[in-house]
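Geometric and topological summary
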Amino acid sequence: MSSESSKKRKPKVIRSDGAPAEGKRNRSDTEQEGKYYSEEAEVDLRDPGRDYELYKYTCQELQRLMAEIQDLKSRGGKDVAIEIEERRIQSCVHFMTLKKLNRLAHIRLKKGRDQTHEAKQKVDAYHLQLQNLLYEVMHLQKEITKCLEFKSKHEEIDLVSLEEFYKEAPPDISKAEVTMGDPHQQTLARLDWELEQRKRLAEKYRECLSNKEKILKEIEVKKEYLSSLQPRLNSIMQASLPVQEYLFMPFDQAHKQYETARHLPPPLYVLFVQATAYGQACDKTLSVAIEGSVDEAKALFKPPEDSQDDESDSDAEEEQTTKRRRPTLGVQLDDKRKEMLKRHPLSVMLDLKCKDDSVLHLTFYYLMNLNIMTVKAKVTTATELITPISASDLLSPDSVLSCLYPGDHGKKTPNPANQYQFDKVGILTLSDYVLELGHPYLWVQKLGGLHFPKEQPQQTVIADHSLSASHMETTMKLLKTRVQSRLALHKQFASLEHGIVPVTSDCQYLFPAKVVSRLVKWVTVAHEDYMELHFTKDIVDAGLAGDTNLYYMALIERGTAKLQAAVVLNPGYSSIPPVFQLCLNWKGEKTNSNDDNIRAMEGEVNVCYKELCGPWPSHQLLTNQLQRLCVLLDVYLETESHDDSVEGPKEFPQEKMCLRLFRGPSRMKPFKYNHPQGFFSHR
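Residues numbered from 1 in each chain as written. Predicted model: local features only at pLDDT ≥ 70, side-chain atom pairs only at ≥ 80, totals over all residues. Heavy atoms only, no water.

Keep this limit in mind: UniProt positions are given in the numbering used here, feature names are shortened, and annotations may be inferred rather than shown by experiment.
In the nomenclature of an unreviewed UniProt entry, the protein chain is known as THO complex 5 of Theropithecus gelada. On record in UniProt, under Sequence similarities (unreviewed entry), the comment for the protein chain is "Belongs to the THOC5 family." Comment text from UniProt for the protein chain, heading Subcellular location (unreviewed entry), reads "Nucleus".

Pasting the structure below:
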């Protein structure tokens, strides 16, 4: 039935509200194209709002028709097919309306896009014009800045002041009536005056050059005369050598020394000049000499020569180095340390002669990278000395000059900047290298004119002649005193090791005629062993047991009594007296902590040492102190009360004459010896 109805169906055109009539399907392409363009024109006439309302209405109608068709199909019947066909046709019409609305919407969208694109092109054109204008503005600003910053060459010329210009310039150049009110004309006039002055100076310069050439010619003539004179003077000097040797006036040798001194570094040069001057003025026996390679010293200051084969040589070296293995980090550090501690090729030697024909040889070096001086010392005597065991450190190069001035042990660098240099190459302290390089004593730096202030460090330290001259005489006297005192101790130690306390005839009056106690042992003690002794605690706590001191142990005996004496010998002996600590082993152990008389005996040798100094320079102080200890031990033992319960004679009969045996509640004994009466009394 549905097929019959579809056959009987006629083509219809259903028009919706506000929609144009649809044409038949068999229209030509030209008609369709005209309709498309008519729709584009129709878009401008139609209201989008009304189209939207039509769209909503059409959608609602479609929903209604679909619902009715669904309802009719569900009911079924004979006439249902006709109604369904009618509603289907109505739905198709609504679909056509939706298609037209869709085409209109696409046309509106395309027009909107075209309008947006046109507006965007206009905006881009305006933006490009703005950029061009901004670029032109920036260019103009740069040109304005260049014009404002323009400096003429005349601004670099240092013109005379206005006062001098109007005062010195002639009226035809200055033109005061014109230039006073016109800065431009004023500048031009000043430039004209500057040109005039420079012309005059140029003329004067040419005159000076001509005079200079004349003088140079005269100098050349005199140089030729002097060059011809030099060989004659050399022949005269050679002929006068026997006369110089006969008169002890080595002018030729001194001339060579001064020629060599030109290549010394500044500190060594200051030392050489000041030591030579001191020797000529105050000490004729002082010998000053320069040792080392002059050629190496010259090479230090010679600039490297440029050669044409540098590139080829460098290429060959690169090939060789690539074949070799690269040095390890340890080898590189060793090379850097060696370079850091490098000494100058030249050194200065001083030979200081003492009264007993002994000579102190001092060799001064300069460490170029550390900017400090070091010294090595050696003592020689007229006769060969037999060195006792205990005197091995007295003339040692490492300690013979230690603490020449208080606290100057020469194991640390005096230059504060060196510590930062050491950190870079891994050097902890300079004391590990002093045996090889020498000791950097402070007095050595001052003799070279070097001063390193700690409060205000200086960037560069310059050798000062006045500083060297102010310390030269005092230091030389101290050096002589040190050598003489060490040689005197050397001889005394030889006797002490054999149990003999040498007392000179000048000091015999300080002691009684008969001394029974005797020295049986004199040995060297290490610093660590001295610190561990129980009866030296007071000295250690007082800070008198430094590692620069020398330590000895003396043993004095009389009968069963044994007196141990620990001796601290300061490097500054005999200006600084030795310090004794005592321990008596007799009827128990007695020290200053449990026996007041032992403390008094220590006071006799430590406090009253001035009575034992003897004649200047007090080289007998140590032996006199030891002899005094023997006397004090005699007095201590002889004045000790005898135990009546013990039969037999006293172990230590009283042989010393004492006015009073004991005094005070502590029963102090008379330890003071009175000469020439020969008795002992209390202090």
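**As for the side chain of Gln-627**
Stated precisely, the cut-off is as follows: Helix and strand assignments follow DSSP, with helices taken as H or I runs no shorter than four residues and strands as E runs no shorter than two, numbered in order from the N terminus. Whether two residues are in contact is decided by their heavy atoms: any pair within 4.5 Å suffices.
Take Gln-627: it is sitting in helix H22 (residues 621–638). Excluding anything up to four places from it in sequence, Gln-627 contacts Val-501, Val-503, Phe-511 and Val-515.

**Points about the sheet that holds strand S4 (residues 372–380)**
Through backbone hydrogen bonds, the strands of a sheet pair up, either in parallel or in antiparallel fashion. Heads up, the rule is: DSSP bridges decide pairing: two strands pair if at least two such bridges lie between them. Interaxial angle, 0 to 180 degrees, is taken between N-to-C directions of lines fitted to C-alpha atoms, where a helix line uses only the stretch in contact.
If you walk across this open sheet you meet the four strands as S1-S2-S3-S4, and the pairing is antiparallel. Both edges of this open sheet fall to strand S1 (287–292) and S4, since each of them pairs with a single strand only. Each strand of the sheet is rotated relative to its neighbour by a mean of 25°, with strand direction disregarded. With six bridges connecting them, strand S2 (residues 346–353) and strand S3 (residues 359–367) associate as antiparallel partners. Following the sheet pairing, Asp-351 is matched in S3 by His-361.

**Description of unusual backbone geometry**
A cis geometry characterises the amide bond from Tyr-573 onward to Ser-574, with omega recorded as 10°. Cis geometry is found at the peptide bond from Trp-616 to Pro-617, where omega equals 15°. Note on placement: Pro-617 falls in the loop between helix H21 (596–606) and H22.

**Some remarks on a nonpolar patch on the surface**
Just so we agree on the cut-off: Surface patches are drawn from residues lacking salt bridges whose relative accessible area is over 30%; two like charges belong together within 9 Å, two nonpolar side chains (Val, Leu, Ile, Met, Phe, Trp, Tyr) within 5 Å. Method for areas: the Shrake-Rupley scheme with a 1.4 Å probe, in which residue coverage is limited to the protein chains shown. One speaks of a salt bridge when a side-chain nitrogen belonging to Lys or Arg is within 4 Å of a carboxyl oxygen belonging to Asp or Glu.
Together, Leu-140, Ile-144 and Leu-148 make up a nonpolar patch on the protein surface, roughly 340 Å² of accessible area in all. Tracing the sequence through the fold places Ile-144 in helix H4 (residues 80–149).

**A word on the pattern of salt bridges**
Condition: Summary of the burial criterion: residues with accessible area below 20% of their type's maximum are buried, those above 50% are exposed, and those between are partly exposed, where the area comes from a 1.4 Å probe applied to protein chains only.
This structure, assessed with the given rule, holds 29 salt bridges. One salt bridge in this structure joins Arg-683 and Glu-604, with 2.6 Å as the shortest N-O distance. Of this pair, Arg-683 sits in the segment after strand S12 (679–681) while Glu-604 is found in helix H21, placing the two residues 79 residues apart along the sequence. Using a relative accessible area of 41% as the deciding quantity, one classes Arg-683 as partly exposed. Members of the salt-bridge network, linked through shared partners, are Glu-42, Arg-46, Asp-51, Lys-100 and Arg-108.

**Some words on the nonpolar core**
Filter applied, for reference: We call a set of buried Ala, Val, Leu, Ile, Met, Phe, Trp, Tyr and Cys residues a nonpolar core when their side-chain atoms join them within 4.5 Å.
In terms of nonpolar packing, the biggest core is built from 49 residues, with Leu-350, Leu-360, Leu-362, Phe-364, Leu-401, Trp-443 and Leu-479 touching the most fellow members. Put simply, the parts of the chain that give this core at least two residues each are helix H11 (266–281), S1, S2, S3, S4, helix H15 (418–425), helix H17 (442–447) and helix H18 (465–496). Excluding anything up to four places from it in sequence, Phe-364 contacts Leu-268, Leu-271, Ser-347, Val-348, Leu-350, Met-373, Thr-374, Val-375, Trp-443, Val-444 and Leu-447. In this structure, Phe-493, Ile-556, Leu-584 and Leu-637 belong to the second largest nonpolar core, which totals 47 residues.

**Examining H22**
As a reminder of what qualifies: Helix span, expected: 1.5 Å multiplied by one less than the number of residues in the helix.
With 18 residues, H22 should cover 26 Å at 1.5 Å per step; its first-to-last C-alpha distance of 26 Å lies within 8% of that length. The buried count for H22 comes to 18 of 18 residues, which makes it a mostly enclosed element.

**So, the sheet that holds strand S8 (residues 579–585)**
Strand order in this open sheet of five strands is S5-S6-S7-S8-S9, and the pairing throughout is antiparallel. Because the sheet does not close on itself, it has two edges, and the strands there are strand S5 (518–524) and strand S9 (589–590). Sheet topology places strand S6 (residues 550–558) next to strand S7 (residues 561–569); nine bridges connect them, and they run antiparallel. Across the sheet, Tyr-552 pairs through a bridge with Val-567, a residue of S7. Strands S5, S6 and S7 of the sheet are contacted by H18, whose axis makes an angle of about 120° with S5.

**Quick look at H4**
If you check H4, its first and last C-alpha atoms are 101 Å apart, about what 70 residues at 1.5 Å a residue would give, namely 104 Å. Every buried residue of H4 is accounted for by Val-80, Ile-84, Glu-85, Ser-91, Val-93, His-94, Thr-97, Leu-98, Lys-100, Leu-101, Leu-104 and Ile-107.

**A look at the confidence of the model for the protein chain**
Selection rule: Residue-level confidence of the predictor is what pLDDT reports, using numbers from 0 through 100.
Averaged over the protein chain, the pLDDT score is 84; the fraction of residues at 70 or greater is 86%. Counting interchain partners and residues more than four positions distant, the pLDDT-below-50 stretch residues 1–27 has 23 contacts. In this model residues 306–311 is a low-confidence stretch, pLDDT under 50, and it forms zero contacts with partners more than four residues away in sequence or in other chains.

**Notes on the environment of Ser-399**
Considering the arrangement of structural elements, one finds Ser-399 in the loop between S4 and H15. The class of Ser-399 is buried, set by a relative accessible area of 18%. The spatial distance from the C-alpha of Ser-399 to the C-alpha of Ala-377 is 9.3 Å, given a sequence separation of 22 residues. Those residues within four positions of Ser-399 in sequence are excluded, and the remaining contacts are Asp-393, Arg-482 and Arg-486.

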